[in-house]
Amino acid sequence: MLTSSTFPDPDALALAVIDRQRPAVAKALNLLDDQRPEARRRATRLLRLLPQQKLYASGHLIGLTGPPGAGKSSITAALITLWRERGLRVAVLAVDPSSPISGGALLGDRLRMLSGQIDNEVFIRSLACRGEFGGLSAEVWPMSLVMLTAFDVVLVETVGVGQKEIDVSKLTDTTVFVAQPASGDSIQFLKAGIMEVPHLLVVNKADLGLAARKTLAELRATLKPAVDESSWQVTALAASAARGTGITELADGIEAHRRWLLNQNQLNARRRQFQAEWVLKRLDDEFGRFGINALGGADAIKRELERSESSPFEQFELLCQRFLEGWGGKRKRQTQP
Amino acid sequence: MTSEKTESKKDLPWLMRTYSGHSSAKASNELYRTNLAKGQTGLSVAFDLPTQTGYDADHPLARGEVGKVGVPIGHIADMETLFDQIPLGKMNTSMTINATAAWLLSLYIAAAERQGVNQSQLQGTTQNDIIKEYLSRGTYIFPPEPSLRLTTDVISYTVNQIPKWNPTNICSYHLQEAGATPVQELAYALSTAITVLDAIRDSGQIAADAFSQVVGRTSFFVNAGIRFVEECCKMRAFTDLWEQLTRERYGVEDPRLRRFRYGVQVNSLGLTESQPENNVQRIVLEMLGVTLSKRARARAIQLPAWNEALGLPRPWDQQWALRMQQVLAIETDLLEYGDILDGSPIIDAKVRDLIGGAEAEMRRVQEEGGMVQAIETGYVKRQLVTSHTARMRAIETGALKIIGINSFTETAESPLTSGTDSGIMKIDPAAEREQIARLQAFRAARSQVEVKTALKNLKEAAVSGENIMPASIRCAHAGVTTGEWSGVLRDIFGEYRAPTGIDISTLNMAGSNTVDRLREHTRKTGEELGRPLKILVGKPGLDGHSNGAEQIAVKARDVGFEVVYEGIRLTPEQIVKAAEEEGVHLIGLSVLSGSHLELVEDAMGRLEGVGLAQIPVIVGGIVPPEDEANLKSLGVAAVYTPKDGDMNLIMLDLVNIIRASNGLERYEA
């Protein structure tokens, strides 16, 4: 029964994704999630057909992270409403932890992110992190690419509880950290140096008053001034998703960072760098440091990847091929990517 | 005349009620008058879900729900019809109403005024406990803060204007239905009472010297389960804790105002669909838990019918439930004695135990910052889901035995359910249509100017913070509808979604062969299909009873599914959009309000419309066999009802349904 008819035609699918058709986006995400060899081949083809301009030079890929209970979903909901008012089409990739025991997961908080109205210009996909890739699942990067093709803003929401989970900043143009007022977590993050990663810090639940102001003051005290005029100045602000305050300022801050990236010619460079890191991470999972060294070392691979025009799956496949050939094909690969 | 002497020594029996209402105000009025003629001594009004959640009958979310679990009350004319020929000056009426309590009480006051009865004469109860709605039952509308404000408005208003009214019935009932242990029931109900009473004290609407009256008017609505000895001790613990709390925290000096006054509906959670006749003895035994101890005896009792797990009870089923109360109160010698449990060291030790546990848990809630914070952080809900999951797991392993479910399952065919109506009440499908027609005719006939002014007035009261009741009573007289009243407040207060609490940790049941095998099946099937199995669990319609859906979601996660849990109050359109975006392998819909046919048909039609008809759909809920057949003919892959107690079998079924729909062979059980 598992004939090729089970799999979608990648050429038709790519065209429909470029045409921003929602059902096609859903199907493309299913295909990118599918680990079977035939699905991989078709996914590789699909990604190759997506326009480079969309993938590397336009749209906005935003990471939103923070400790559990900080109100990330409510902030996301408020941002979605505001972006929709500004006429932007929004996709969200909500990443949740998997149970290490069963492999199962409870996903997403879609309803907190959506108003009651059905809006076909908002698309939400939940994804389990499946215990790999730091706090993120390996599918996040390719899925983001499909979403960037069909939507103006792509937001990746993750639970950030430690250094590992902050990996979202290695995959997104702009990283926002949502802090919980009056919780020791934020201070812990400062100590751990994680606060150097985000581009914007937002203290949610500003309606709590004193506790929120105190946390905001603490955060601000730790922010280092920008090195020079051309570097990005990290800002901290207060918002209340419940009251709808501070959301415009947050959205404006996010937009300012995107413009800064464009002015600095960094958007394209960053995305190519993310992709290179994604491919490297997958190589590392597959062959370990030994494999990476055999291919010339991480820096050399990265330089090569950042110049390449190929899709992430293609790049990965090519490097795998090269490694296996160099190894005389003696060692068979154990798993599919 | 010895018999008369005995009679005169007897205590007065409690108020006897039956929780009822269905189809329309007219049909419910006939039922109430019949029940009163049969010896019922009070009324207990069940409202339908649109009325409870503030929607008019013609709102899209109300579709399929009108008149199902209670009576639809859309405006003053409905309320007048509901109490036609029932003198409100003499009646004691309990209304199970929460988010829209201020509105339904306003309609009741307005209807009484039109009967020529002054509001000060009214007697009865508004449930008016929003806190438990966030934890169980789910008919909340607004966020906790404005909800609490509406609650305190009703209390302040009635204490000043309707002295014999019980303005709030703090509910531990629904907590037990959501899985609470006796200790949790005690702790969360009393923590809720503290939250409400503190809010009233701080609102400034009540003079300091009148505050004791507020405490005295605060009553409770509790549950009684099958472990009736422990339940009896729970009621004694409640009595002692309340006495102490009202004295120490609120300085109430009059002992009469420190009495723990409560009504009861006995447990529905433990009623079974298989061998449903056994529910009769369960209900009777549960009633003992709240009547045996004189000093902790219920003031009002309503009993469920034997067939509640099958569908809606018929008038005869309700009569049977009423007769159970009458036999206990009138035929037995229970009411002839003082407290028969006083002085028992075993009872005393158990009560002390419960009090100790409850006090510790109340401190824990205070550490969270009080009941509202403990709900917003999801703490309480998580505790309840944990308890409920433990109960389900105990049934699964056989540690908890339930006759007819996991022991003594063999049975002869029951003559009770073999009649043409399968032993349950059928709501006429025309009821919804007729209600909408009446509503639209009513809207057209009223004075639009008066409605506009009354709504403007309501808006001003809501914004300014003045008591909401006077403006609401004016709305009632002006002909405002339930949807309009709620709509104004929705705009001002916003709508709320409560934490689901299902993020509890996975139970490591490795070593359990069944669970290990299930995890292996789930993982293997995921590999064969290219990605981990992903399912969507959601509740279409207005029904907020989410325990079943939550248990399925947690269990599915525990055996390795990726679960998108969508929670309550969804339109079929939202469910289909989510299924598409999430790329799920299966959709599970849970409906307990009796609207399964309409809602499932709608969802299936929409799935086909977006080309996703191949995704299998399963349905869980209270579904009579006849409807099960109808659902299957719509293409539903499986239907689960309360008789399907084995969660592992359901999980294996889900894997197999997914396998079958993808052309893979099924696994053996």
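Residues numbered from 1 in each chain as written. Chains lettered and ligands numbered in written order. Predicted model: local features only at pLDDT ≥ 70, side-chain atom pairs only at ≥ 80, totals over all residues. Heavy atoms only, no water.

Undergrad: So what's going on with the overall build of chain B? Which residues, and what values?
TA: Regarding its fold elements, chain B presents 26 helices and 15 strands. Compactness check: chain B gives a C-alpha radius of gyration of 25 Å against a globular reference of 26 Å for 669 residues, within 12% of the reference. Structurally, chain B occupies a C-alpha span of about 70 × 70 × 55 Å along its principal axes. Burial analysis of chain B (669 residues in total) assigns 63% to the buried set. (Helix = DSSP H or I, 4+ residues; strand = E, 2+ residues; numbered from the N terminus. Rg over C-alpha atoms; globule rule 2.2 N^0.38 Å. Buried < 20%, exposed > 50% of the residue type's maximum accessible area, 1.4 Å probe, protein only.)

Undergrad: I'd like a description of the overall build of chain A, backed by residues and values.
TA: The helix and strand inventory of chain A stands at 13 helices and 8 strands. Sorting the 337 residues of chain A into buried and exposed places 54% on the buried side. For chain A, contacts bridging at least 24 residues in sequence account for 76% of all contacts bridging at least 6. A total accessible area of about 14300 Å² is found for chain A, and carbon and sulfur atoms account for 51% of it. (Contact = heavy atoms within 4.5 Å. Areas by Shrake-Rupley, 256 points an atom, 1.4 Å probe, with all protein chains shown as cover.)

Undergrad: Which residues make up the interface of chain A and chain B, and what values go with them?
TA: If you look at the interface, chain A gives 33 residues, while chain B gives 39 residues. Between chain A and chain B, a total of about 3000 Å² is buried, with carbon and sulfur atoms accounting for 52% of that surface. Three residues stand out in chain A for area buried against chain B, namely Leu106(A), Arg110(A) and Leu111(A), and they jointly supply 24% of the buried area on that side. Taken together, the connections running from chain A to chain B amount to 4 salt bridges. Here Arg110(A) makes a salt bridge to Glu582(B), at a shortest N to O gap of 2.7 Å. (Buried area = accessible area lost by both parts, 1.4 Å probe. Salt bridge = Lys/Arg side-chain N within 4 Å of Asp/Glu carboxyl O.)

Undergrad: I'd love a proper account of the pairing of strand E2 (residues 90–96) of chain A, names of residues and values included.
TA: All names here are of chain A. Of all 7 residues making up E2, 7 are buried, and the element is well covered by its neighbours. With burial as the criterion, each face of E2 is covered, one bearing Val90, Val92, Ala94 and Asp96 and the other bearing Ala91, Leu93 and Val95. Across 7 bridges, E2 lies against strand E4 (residues 122–128) in parallel orientation. Note on E4: the bridge partner recorded for Asp96 is Ala128. For E2 and strand E5 (residues 153–159), the ladder comprises 6 bridges, and the chain directions are parallel. Note on E5: the bridge partner recorded for Leu93 is Val156. (Pairing = 2+ DSSP bridges.)

Undergrad: Which residues make up the pattern of salt bridges, and what values do they have?
TA: Residues and elements named next belong to chain B. Enumeration according to the criterion identifies 65 salt bridges over all chains in this entry. One salt bridge in this structure joins Arg247 and Glu248, with 3.9 Å as the shortest N-O distance. We classify Glu248 as exposed; its relative accessible area is 56%. Between Glu484 and Arg446 there is a salt bridge; the shortest N-O distance is 2.7 Å. With a gap of 38 residues between them, Glu484 in helix H20 (residues 482–493) and Arg446 in the loop between helix H17 (430–445) and helix H18 (448–464) connect regions that are remote in the sequence. Of the residues examined, Arg446 reaches a relative accessible area of 13% and is grouped as buried.

Undergrad: Go over unusual backbone geometry, please, and point to the residues and values.
TA: Among all residues except glycine, the phi angle is most often negative; among peptide bonds, the trans geometry is most common. Residues and elements named next belong to chain B. Residue Gln85 is not a glycine yet carries a positive backbone phi of 65 degrees. Topologically, Gln85 is positioned in the loop between helix H4 (76–82) and strand E4 (92–95). Its identity is not glycine, yet Asn128 carries a phi of approximately 50 degrees, on the positive side. For Asn128, a relative accessible area of 3% gives the class buried.

Undergrad: I'd like to hear about the confidence of the model for chain B, residue by residue, with values.
TA: Of the residues in chain B, 97% have a pLDDT of 70 or more, and the chain-wide mean is 92. Confidence drops under pLDDT 50 across residues 1–7 of chain B; counting only partners more than four residues distant or on other chains, this segment forms 1 contact. (pLDDT = per-residue confidence, 0-100.)

Undergrad: A description of the side chain of His22(B) should follow, citing residues and the corresponding values.
TA: Residues and elements named next belong to chain B. Along the chain, the position of His22 falls in the loop between strand E2 (19–20) and helix H2 (25–37). Here the side chain of His22 touches Ser23 through a polar contact of 2.8 Å, side chain to side chain. When neighbours within four sequence positions are excluded, His22 is seen to be in contact with Ala27, Ser28, Leu31, Gly67, Gly70, Val71, Met425 and Ile427. (Polar contact = N/O pair within 3.5 Å; in protein donor to acceptor, adjacent residues only side chain to side chain.)

Undergrad: Any details on the packing of H18(B) against helix H19 (residues 468–478) of chain B? Residues and values, ideally.
TA: Residue and element names in this part refer to chain B. The contact between H18 and H19 brings their axes to 9 Å, and the two run at 165 degrees. In terms of orientation, H18 and H19 fall into the roughly antiparallel class. Relative to H19, H18 is oriented so that their crossing is left-handed. Contacts from Glu450, Val451, Thr453, Ala454, Leu455, Asn457, Leu458, Ala461 and Ala462 in H18 reach Ile468, Ala471, Ser472, Arg474, Cys475 and Ala478 in H19. For the contact of H18 with H19, the per-class residue count stands at 10 nonpolar, 3 polar and 2 charged. (Axes fitted to C-alpha atoms, helices over the stretch in contact; angles between N-to-C directions. Parallel < 35°, antiparallel > 145°, perpendicular 65-115°, else oblique. Left-handed = near helix turned anticlockwise from the far one by under 90°. Nonpolar A, V, L, I, M, F, W, Y, C, P; charged D, E, K, R; others polar.)

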